[in-house]
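# Summary of the model geometry
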Amino acid sequence: MTNPLIADCPDAVRAYLTLAEAEDRTAAVSLFVEDAHVTDDGHDYIGVTQIRAWLGRVASQYTYTTTPISTTSDAATRTTSVRCRLEGTFPGGLVDLDYCFQLDDSGRLERLTITPSANQPA
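Let us look at the structure shown here. All figures in this text were calculated on a predicted structure; none of them were measured in a lab.

## Some thoughts on the overall build of the chain
Helix and strand counts for the chain come out as three helices and six strands. Ordering the α and β elements of the chain from the N terminus gives α-α-β-β-α-β-β-β-β. For 122 residues, the compact-globule estimate of 2.2 N^0.38 gives 14 Å, and the chain sits close to it at 13 Å. With 122 residues in all, the chain has 36% of them scored as buried. Long-range pairs, those at least 24 residues apart, make up 41% of the contacts in the chain between residues at least 6 apart in sequence. Element-wise, carbon and sulfur atoms account for 51% of the exposed surface of the chain, whose accessible area totals about 6700 Å². If the 9 positive side-chain charges of the chain are averaged to one point and the 17 negative ones to another, these points end up 2 Å apart.

## Points about helix α3 (residues 48-61)
The first and last C-alpha atoms of α3 sit 20 Å apart over 14 residues, in line with the 20 Å expected at 1.5 Å per residue. Every buried residue of α3 is accounted for by Val48, Ile51, Trp54, Leu55 and Val58. Angular distribution of buried residues about the axis of α3 spans 115°; they occupy a single face of the element. Along α3, the residues that are exposed and aim more than 90 degrees away from the buried face are Thr49, Ala53 and Ser60. Against the buried residues of α3 lie α1 (11-21), α2 (25-29), β1 (32-40), β2 (43-46), β3 (64-74) and β6 (109-116).

## A few points about the pairing of β2
A regular strand places its side chains on the two faces of the sheet in alternate fashion. Bridge count for β1 against β2 is four bridges, and the pairing is antiparallel. Note that in β2 the partner of His37 across the bridge is Ile46. Once β1 ends, the chain turns through two residues before running back antiparallel as β2, passing Asp41 with a positive phi of about 55°.

## Structural notes on unusual backbone geometry
Even without being glycine, Asp41 reaches a positive phi, approximately 55°. Classification of Asp41 as exposed rests on a relative accessible area of 64%. For Arg78, which is not glycine, the phi torsion reads 55° and is therefore positive. As for its position among the elements, Arg78 is in the loop between β3 and β4 (79-88). Residue classification places Arg78 among the partly exposed residues on the basis of a relative accessible area of 33%.

## A word on the sheet that holds β2
Spatially, the six strands line up as an open sheet ordered β2-β1-β6-β5-β4-β3, and their pairing is mixed. Strand pairing shows two members of the sheet lacking a second neighbour, β2 and β3, which therefore form its edges. Mean inter-strand twist for the sheet, computed between neighbouring axes without regard to direction, equals 15°. On the sheet, α1 packs against β1, β3, β4, β5 (94-103) and β6 and is oriented at approximately 140° with respect to β5. Those strands touched by α3 are β1, β2, β3 and β6, and its axis lies near 45° from that of β1.

Rules used throughout
- Residues numbered from 1 in each chain as written.
- Predicted model: local features only at pLDDT ≥ 70, side-chain atom pairs only at ≥ 80, totals over all residues.
- Heavy atoms only, no water.
- Helix = DSSP H or I, 4+ residues; strand = E, 2+ residues; numbered from the N terminus.
- Rg over C-alpha atoms; globule rule 2.2 N^0.38 Å.
- Buried < 20%, exposed > 50% of the residue type's maximum accessible area, 1.4 Å probe, protein only.
- Contact = heavy atoms within 4.5 Å.
- Areas by Shrake-Rupley, 256 points an atom, 1.4 Å probe, with all protein chains shown as cover.
- Lys, Arg positive; Asp, Glu negative; His and termini not counted.
- Charge placed at Lys NZ, Arg CZ, Asp CG, Glu CD.
- Expected span 1.5 Å × (residues − 1).
- Arc of directions from axis to C-beta.
- Pairing = 2+ DSSP bridges.
- Axes fitted to C-alpha atoms, helices over the stretch in contact; angles between N-to-C directions.

Here's what the structure looks like:
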């Protein structure tokens, strides 16, 4: 993913967005700490085994493209939020999602929460 909006994001955030788009789940999972926590669509996935299964399920269910449209960061909490527009074969075909990444002290992904944006595209 070569989007200038994410150029200033932490390495792990940029890498996750790039690898997830390319469907390189093995490399994407390696960005997470062993006991990482992902929340997506109201479900929690804890640890790299569950995260690997979640990424595989998401990739096999739908075809979609992801375009970052805004970012915010808070260095004090090691949190980066990226709003992405997804377009694809899922119900509705268009949605904006907020990806909130929290990093550990070494810069690896510790927590990822994905929620629908409050402002959806028309």
